[in-house]
Amino acid sequence: MAACWAAVLCFMASLGIRYGSAILNCKTLLIGRQDVNKPVICVGVAFGVIVGGAVVEGFFREPFQLDVERLSIVAPSLPTEFDGLKVAQLSDLHIHSVSKAYQRAIDDIQREHPNLVVITGDLVDRPEDTSACISFLSQLRNAAGVPMVVVPGNWDHRAFPTEQSIATWHKRLQEETGVRVLVNQNAVLHHQGSRIWLVGTDDPYFGYADLDASFKGVPETAFALVLTHAPEAFEELARRRPAKVVLAGHTHGGQVRLPLIGAVMVPSRYGTRFAHGLFKLGDTIFYVNAGMGMSHIPVRFMCRPELTIMTLRKGG
Ligand SMILES: [Zn+2]
């Protein structure tokens, strides 16, 4: 454990050095004096540098950056015609304005030329944020020029707590941006005479997901790309036919991660088990995106906003 914390402190010290040159200058002045305890001053200054560096990194730098995570997923049941299907995934927008990271997401997705763009929930925190959300999705759809599919998350239900209010918001979202909102529904994606199913569940974190309704009419022998906000339905999804790849978010990758420790806290009944990345349960492959935005505290540390570029490959 001591080694672990030493590694944490070393890492944070390196951040501190990056941001703390002014403080280090103060240190030089202070330890030049004869009447101060030099080791105590050094420890105090180092601590200040570490904390200052972490604060700058977590509150003012990382939230405005964007990591592009690239991966290939091999799926035996993917129709040959869909081999190479490129999917761009964003999640957990928590958007308040179309700031630098969101603008970069638009530019990066336009550059990647995906066949499909999906957003796995938590678009807005409050009704006041809907204009920013519509502006972002409209710009993104114009830039990408491909179908876009969205599913709701728990924060969308918090912003619109009644069945009527969230239905009205989804209707406006579809009409003003051209995205498709799937709420315990599915849609067919056609390509070169073949087809796969896009399945979108309502939010499973608050218990709104209805998998029977979501998969209604999807043939057992089909291939499905499933969008769901949170990992809460993963085990139930793994038990269900047809063959599928599942994309989710909600965890923000922990939002704050520490060296050797990883995610400090993840709001999931699975804890940190599905915090971020690729997982396999049975024949089903799951990917959890680290999200774009932040909830509760506006900080990201060692867990940058993420755009996932996923290529589906047919394979055995
Ligand atoms: Zn969420």
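Reading the values: the criteria
Residues numbered from 1 in each chain as written. Predicted model: local features only at pLDDT ≥ 70, side-chain atom pairs only at ≥ 80, totals over all residues. Pairing = 2+ DSSP bridges. Helix = DSSP H or I, 4+ residues; strand = E, 2+ residues; numbered from the N terminus. Axes fitted to C-alpha atoms, helices over the stretch in contact; angles between N-to-C directions. Buried ≥ 20, exposed ≤ 12 C-beta atoms within 10 Å, placed from the backbone. Right-handed = clockwise from strand over helix to strand, strands pointing away. Left-handed = near helix turned anticlockwise from the far one by under 90°. Contact = placed C-beta atoms within 7 Å.

Peer 1: Break down the sheet that holds strand 7 (residues 194-200) for me, citing the residues and quoting the values.
Peer 2: Pairing is mixed in the open sheet, where 6 strands are placed in the order 6-7-8-9-13-12. Strand pairing shows two members of the sheet lacking a second neighbour, strand 6 (185-191) and strand 12 (277-281), which therefore form its edges. For this sheet the average axis-to-axis angle between neighbouring strands, irrespective of direction, equals 20°. Pairing between strand 7 and strand 8 (residues 223-227): 4 bridges, direction parallel. Each bridged residue has a counterpart across the sheet, and for G200 the counterpart in strand 8 is L227.

Peer 1: Pulling in residues and values, what's your account of the pairing of strand 3 (residues 116-120)?
Peer 2: Burial analysis of strand 3 places 4 of its 5 residues in the buried class, which makes it a mostly covered element. In terms of handedness, the path from strand 2 (residues 85-90) via helix 4 (residues 100-112) over to strand 3 forms a crossover that is right-handed. Pairing geometry for strand 3 and strand 4 (residues 148-151), over 4 bridges, is parallel. In the strand pairing of strand 4, I119 is matched with V150. For the crossover that starts at strand 3, traverses helix 5 (residues 130-144) and ends in the parallel strand 4, the hand is right-handed.

Peer 1: Give a detailed account of the packing of helix 5 against helix 7 (residues 163-177), specifying residues and quantitative values.
Peer 2: Following both chains from N to C, one finds helix 5 and helix 7 inclined at 35°, their axes separated by 9 Å at the closest point. Along this stretch, helix 5 crosses helix 7, giving a crossing that reads as right-handed. Contact residues: helix 5 offers T130, I134, L137, S138 and R141, while helix 7 offers W169, L173, E176 and T177.

Peer 1: Lay out the environment of N184 with the relevant residues and their values.
Peer 2: By the element assignment, N184 lies in the loop between strand 5 (180-181) and strand 6. Accessibility expressed as a C-beta count within 10 Å gives 20 for N184, which makes it buried. In this structure, the C-alpha to C-alpha distance between N184 and D203, residues 19 residues apart in sequence, is 8.9 Å. N184 has contacts with T201, D202, A209, D210, A213 and S214, leaving out every residue within four places of it along the chain.

Peer 1: Before we move on, can you summarise unusual backbone geometry with the specific residues and values?
Peer 2: Omega for the peptide link from R241 to P242 comes to 0°, which places this bond in the cis form. For P242, the location among the structural elements is in the loop between helix 9 (234-238) and strand 9 (243-248). Of note, D92 is a non-glycine position whose phi angle comes to about 50°, a positive value. In this structure, D92 sits in the loop between strand 2 and helix 4. Owing to 29 C-beta atoms within 10 Å, D92 belongs among the buried residues under this scheme. Even without glycine at this site, H252 takes up a positive phi of about 60°. You can see H252 is positioned in the loop between strand 9 and strand 10 (257-258).

Peer 1: Let's hear about the pairing of strand 8: which residues, and what values?
Peer 2: With 5 of 5 residues buried, strand 8 lies mostly within the body of the structure. What you see with strand 8 is no split at all: F223, L225 and L227 on one side and A224 and V226 on the other are buried throughout. The sheet contact formed by strand 8 and strand 9 spans 5 bridges and is parallel. Paired with L225 across the two strands is V245, which belongs to strand 9.

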